[in-house]
Amino acid sequence: MSFLFSSRSSKTFKPKKNIPEGSHQYELLKHAEATLGSGNLRQAVMLPEGEDLNEWIAVNTVDFFNQINMLYGTITEFCTEASCPVMSAGPRYEYHWADGTNIKKPVKCSAPKYIDYLMTWVQDQLDDETLFPSKIGVPFPKNFMSVAKTILKRLFRVYAHIYYQHFDAVMQLQEEAHLNTSFKHFIFFVQEFNLIDRRELAPLQELIEKLGSKDR
């Protein structure tokens, strides 16, 4: 959650997405922050009793967007067209961008360009009231879960790129504890609700196993 970050991380890549204060989703976010504070991440990601699964996933998806936004915002000066001409997570994994509407055929582009496309696309989904309703009583659409899964799958790629290409910079900025805690929270959440296919997580499989084994 955002409270994990130091003041240096206040620079975000895209504007922060705020959940309206006083709304039920805001209460859920506060609940999540309180349980996170206990340090038990496996417990913190569980669906609170009596709550709607879609709403819980929506609140957390917004929060992960904000976290990754901050993390990437701290290292943008190191992620350039020259340093990262392709969007990759190590030599075996390369990502090409397509959003199905503006760019239908996947295009190869630099990491900063890809992440800009990705975060703008995610922001557009989160701002769409028909996909992410913020008002009480407005139902989530039938395709909500598949949209959320696509968003989370793509946000994972930003974590993967940061770990593979920019971990030195993260360490230099002394942000590795924030990155690891944020990623661990993200992974426990997607595992709890089976939101990302195991194959998609392959670039960071070793790290994921290491983070999980520490909690057993």
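Definitions and limits used
Residues numbered from 1 in each chain as written. Predicted model: local features only at pLDDT ≥ 70, side-chain atom pairs only at ≥ 80, totals over all residues. Heavy atoms only, no water. Salt bridge = Lys/Arg side-chain N within 4 Å of Asp/Glu carboxyl O. Helix = DSSP H or I, 4+ residues; strand = E, 2+ residues; numbered from the N terminus. Buried < 20%, exposed > 50% of the residue type's maximum accessible area, 1.4 Å probe, protein only. Expected span 1.5 Å × (residues − 1). Bend = angle between axes of the 7 residues up to and from the residue. UniProt positions renumbered as here; feature names shortened; annotations may be inferred. Core = buried A, V, L, I, M, F, W, Y, C linked by side-chain atoms within 4.5 Å. Contact = heavy atoms within 4.5 Å. Disulfide = S-S within 2.5 Å.

With an unreviewed UniProt entry as reference, the protein chain is termed MOB kinase activator 1A, source organism Monodelphis domestica.

Considering the pattern of salt bridges
A complete count under the given rule lists three salt bridges for this structure. When the shortest N-O distance is used, the salt bridge between Lys108 and Glu94 registers 3.6 Å. Pair noted here: Lys108 is in the loop between strand 2 (94-95) and helix 4 (111-127) and Glu94 is in strand 2, with a separation of 14 residues, a long-range link. On the accessibility criterion, Glu94 (39% relative accessible area) is partly exposed. Glu200 is the salt-bridge partner of Arg157, the closest N and O atoms lying 3.3 Å from each other. You can see Arg157 sitting in helix 5 (residues 144-172) and its partner Glu200 sitting in the loop between helix 6 (176-192) and helix 7 (205-213), a full 43 residues away along the chain.

A closer look at unusual backbone geometry
The phi dihedral of Gln174 is positive, around 55°, even though this residue is not glycine. Relative to the helices and strands, Gln174 resides in the loop between helix 5 and helix 6. The phi angle at Asn194 is positive, at roughly 55°, despite the residue not being glycine. Structurally, the position occupied by Asn194 is in the loop between helix 6 and helix 7.

Description of helix 5
The end-to-end C-alpha distance of helix 5 is 39 Å, a good match for the 42 Å that 29 residues give at a rise of 1.5 Å each. His166 marks the point of greatest bend in helix 5, at about 85°. Phi for Gln174, located one or two positions after helix 5, is positive at around 55°.

So, the environment of Leu201
Positionally, Leu201 belongs in the loop between helix 6 and helix 7. Judged by its relative accessible area of 7%, Leu201 falls in the buried class. With 45 residues separating them in the primary sequence, Leu201 and Phe156 have C-alpha atoms 7.7 Å apart.

Notes on the side chain of Gln125
You can see Gln125 is positioned in helix 4. Look at Gln125 and you get buried, because its relative accessible area is 14%.

Looking at the UniProt feature "binding site: Zn(2+)" (unreviewed entry) in the protein chain
UniProt's entry tags Cys79, Cys84, His161 and His166 with the feature "binding site: Zn(2+)" (unreviewed entry), counted in the numbering of this structure. Spatially, the listed residues are clustered: although they cover 88 residues, their C-alpha atoms lie within 9.9 Å of one another. Examined against the element boundaries, Cys84 turns out to sit in the loop between helix 3 (53-75) and strand 1 (87-88). Judged by relative accessible area, Cys84 falls into the buried class, the value being 3%.

What about helix 6?
Taking 1.5 Å per residue as the helical rise, helix 6 with its 17 residues ought to reach 24 Å, and the 24 Å between its terminal C-alpha atoms agrees with that figure. Every buried residue of helix 6 is listed here: His178, Leu179, Ser182, Phe183, Lys184, His185, Phe186, Ile187, Phe188, Phe189 and Val190. Within two residues after helix 6, Asn194 carries a phi angle of roughly 55°, on the positive side.

Things to note about the nonpolar core
Nonpolar side chains tend to gather and get buried jointly when the protein is soluble and globular. Ranked by internal contacts, the top residues of the largest apolar core, which has 65 residues, are Leu155, Phe156, Phe183, Phe186 and Ile187. Listing elements by their share of this core, those giving two or more residues are helix 1 (24-36), helix 3, helix 4, helix 5, helix 6 and helix 7. Among the elements that line this core, the one with the most residues is helix 5, at 14 residues. If we skip the residues at most four places from it in the chain, Phe186 touches Phe64, Leu152, Leu155, Phe156, Tyr159 and Ile196.

Considering the state of the cysteines
One pass over the full model with this rule turns up zero disulfides. Left without a disulfide partner, Cys79 is nearest to the cysteine sulfur of Cys84, which lies 4.0 Å away. When its relative accessible area of 4% is taken as the criterion, Cys79 is described as buried.

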